[in-house]
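Fold and contact review
Below, each chain spelled out in residue letters.
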Amino acid sequence: FEGVAALAGYGKLMRAVSAASGSIPQIAWVSGNCLGSLAAVCAMFDVVVKEDGAKLYVSSPALTGAKDAQDAVVSYPAANETAAADYIRHALALLPQNSGEGTVVFEATDDLNRTLSDFDANGDARTLLSLIVDNGDYLELGAAYGEETVTALALIGGVKCGILATDYTKNEGRLSAAGARRAARFVDLCDAFAMPLLTLVNSAGFAMDAADEKAPFAAELAKLATAYANAENAKVTVILGHAIGGAYVLLGSRGIGADVAYALEGAEIGALESAASVAFAENDQINLKTTRKELEDAWRTGLASPVAAASAGEIDDIIAPEELRQRICSALLLLAAKGTVAPPRHNVLPL
């Protein structure tokens, strides 16, 4: 009887966490043993902080040989108790109090018209984030999982928002199964609490790896598509460098539901990269007078240009790099009213 009662207790705990999901932000702090069914409870929380030396597993590594196998659910691996507490305080400051609070706008403590200079759009995504957000301050969730994606909370122009970026320095920002899952859960979290979502796109498409195909890859991409398509929060997308193939579609395109979509000058947008497009469609046009490079350059500045995307109505404006923060601030403030009505409550699924 005691065994059944204990199991029933797990069920009641899971039900309580599920009932609160999507209504209030939930943060789990793992400082000791979190094993078996309790690990499943932990994975239901929005943010999971795990101290160094704490144990989080379903089946003991002594039996499976898989040490730290559940770290994919960890938002932040803290070196010690102090680091864990600091991270949680930061998260509480950037998350809304509840799903009914709507978009939160503070008086900006950083210049709304601050221009950016000398940044590499194809460089490290975290470096660019520190330039865009207010006072360079952001909080990343799940940094050790799906390395080509960056998911973070921050203030931009005084607006509490979520940021999803692809990092071109990691396999050209190609979406993997893990990256798509991380992104889908984050998009769903932002939508549940009516937090505006900024998507920064720089991706050469999907990862081409046998491990991803076995994930299964298609199911993870479908979760990301569903998360964006169903999201009712404010969504702003900026194409920084490349938006190729399915990555363009899934990462906050106008077609899937973005409210505002921009592209930087010189961005490349297309079903295939320009080199692949020429090889597929214009290979027979290469001769002594016309080189492959000339055809590729013409494709990049023509069919794959932001101008072509804007002409098709899929891009709202083409912006200069130095205007990036200004235009993002403007769009987020413009859309702030979209979050004044609480969205229908939905659970944040532990994808």
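Remember, predicted model here, so these are calculated numbers, not experimental data. (Residues numbered from 1 in each chain as written. Predicted model: local features only at pLDDT ≥ 70, side-chain atom pairs only at ≥ 80, totals over all residues. Heavy atoms only, no water.)

**Topic: the pairing of strand 1 (residues 27-30)**
- Covered by surrounding structure in strand 1 are Ala28 and Val30 only, the residues Ile27 and Trp29 on the alternate face being uncovered.
- Here strand 1 runs beside strand 3 (residues 47-51); their pairing, made up of 4 bridges, is parallel. Note on strand 3: the bridge partner recorded for Trp29 is Val49. (Buried < 20%, exposed > 50% of the residue type's maximum accessible area, 1.4 Å probe, protein only. Helix = DSSP H or I, 4+ residues; strand = E, 2+ residues; numbered from the N terminus. Pairing = 2+ DSSP bridges.)

**A few points about the side chain of Glu296**
- Turning to its location among the elements, Glu296 is positioned in helix 11 (residues 292-301).
- Although buried, Glu296 forms no salt bridge, and the nearest oppositely charged side chain, Arg292, lies 4.7 Å from it.
- Setting aside residues up to four positions removed in sequence, Glu296 forms contacts with Ser274, Ala275 and Val278. (Lys, Arg positive; Asp, Glu negative; His and termini not counted. Salt bridge = Lys/Arg side-chain N within 4 Å of Asp/Glu carboxyl O. Contact = heavy atoms within 4.5 Å.)

**A look at the pattern of salt bridges**
- Considering all chains together, one arrives at 18 salt bridges under this definition.
- A salt bridge links Lys293 to Asp297; its shortest N-O distance comes to 2.7 Å. You can see Lys293 and its partner Asp297 sitting in helix 11, 4 residues apart, about one turn around the helix.
- The class of Asp297 is partly exposed, set by a relative accessible area of 29%.
- In this structure, the salt-bridge partner of Asp317 is Arg327, at a minimum N-O distance of 2.6 Å. You can see Asp317 sitting in strand 13 (residues 317-319) and its partner Arg327 sitting in helix 13 (residues 324-334), a full 10 residues away along the chain.
- On the basis of relative accessible area, Arg327 is assigned to the partly exposed category, the value being 21%.
- One connected set of salt bridges, linked through shared partners, spans Asp110, Arg114, Asp134 and Arg325.

**A short note on the packing of helix 6 (residues 177-192) against helix 8 (residues 217-230)**
- Running from amino to carboxyl end, helix 6 crosses helix 8 at an angle of 20 degrees, the nearest separation of the two axes being 8 Å. Relative to helix 8, the element helix 6 lies roughly parallel. Of the two possible hands of crossing, helix 6 and helix 8 adopt the one that is left-handed. Here helix 6 contributes Ala177, Ala180, Arg181, Ala183, Ala184, Val187, Asp188 and Asp191 to the contact with helix 8, which in turn contributes Phe217, Glu220, Leu221, Lys223, Leu224, Ala227, Tyr228 and Asn230. (Axes fitted to C-alpha atoms, helices over the stretch in contact; angles between N-to-C directions. Parallel < 35°, antiparallel > 145°, perpendicular 65-115°, else oblique. Left-handed = near helix turned anticlockwise from the far one by under 90°.)

**Details of the environment of Gly157**
- Looking at the secondary structure, you find Gly157 in the loop between strand 7 (149-156) and strand 8 (159-166).
- Considering only alpha carbons, one finds Gly157 and Ala108, 49 residues apart in sequence, at a separation of 5.3 Å.
- Beyond its immediate sequence surroundings of up to four residues, Gly157 is in contact with Phe106, Ala108, Leu112, Asp134, Arg325, Cys329 and Leu333.

**Concerning the layout of surface pockets**
- One number sums up the size of the largest pocket: a volume of about 400 Å³.
- If you go around the largest pocket, you meet 19 residues; those closest to its centre are Ala72, Val73, Arg182, Arg185 and Leu351.
- Of all the elements, helix 6 adds the most residues to the lining of the largest pocket, at 5 residues.
- Of the residues in the lining of the largest pocket, the class split is 12 nonpolar, 3 polar and 4 charged. (1 Å grid on protein atoms, 1.4 Å probe; cavity = no way out; pocket = protein on both sides within 12 Å on 5 of 7 lines; lining within 4 Å. Points joined across faces, edges and corners; volume = space filled by probe spheres on them. Nonpolar A, V, L, I, M, F, W, Y, C, P; charged D, E, K, R; others polar.)

**Focus on the packing of helix 5 (residues 125-132) against helix 13**
- Between helix 5 and helix 13, the least distance of the axes is 10 Å, while the angle of their chain directions is 65 degrees. The angle between helix 5 and helix 13 falls in the class roughly perpendicular. Helix 5 and helix 13 meet at a crossing whose hand is right-handed. Contact residues: helix 5 offers Leu128, Leu131 and Ile132, while helix 13 offers Leu324, Arg325 and Ile328.

**Comments concerning the side chain of Ser305**
- Within the element layout of this structure, Ser305 appears in the loop between helix 11 and helix 12 (306-311).
- Note on Ser305: relative accessible area 7%, which makes it buried.
- Looking at Ser305, its side chain comes within polar contact range of the main-chain oxygen of Gly302, at 2.8 Å.
- In contact with Ser305, other than residues within four places in its own chain, are Ala267 and Arg300. (Polar contact = N/O pair within 3.5 Å; in protein donor to acceptor, adjacent residues only side chain to side chain.)

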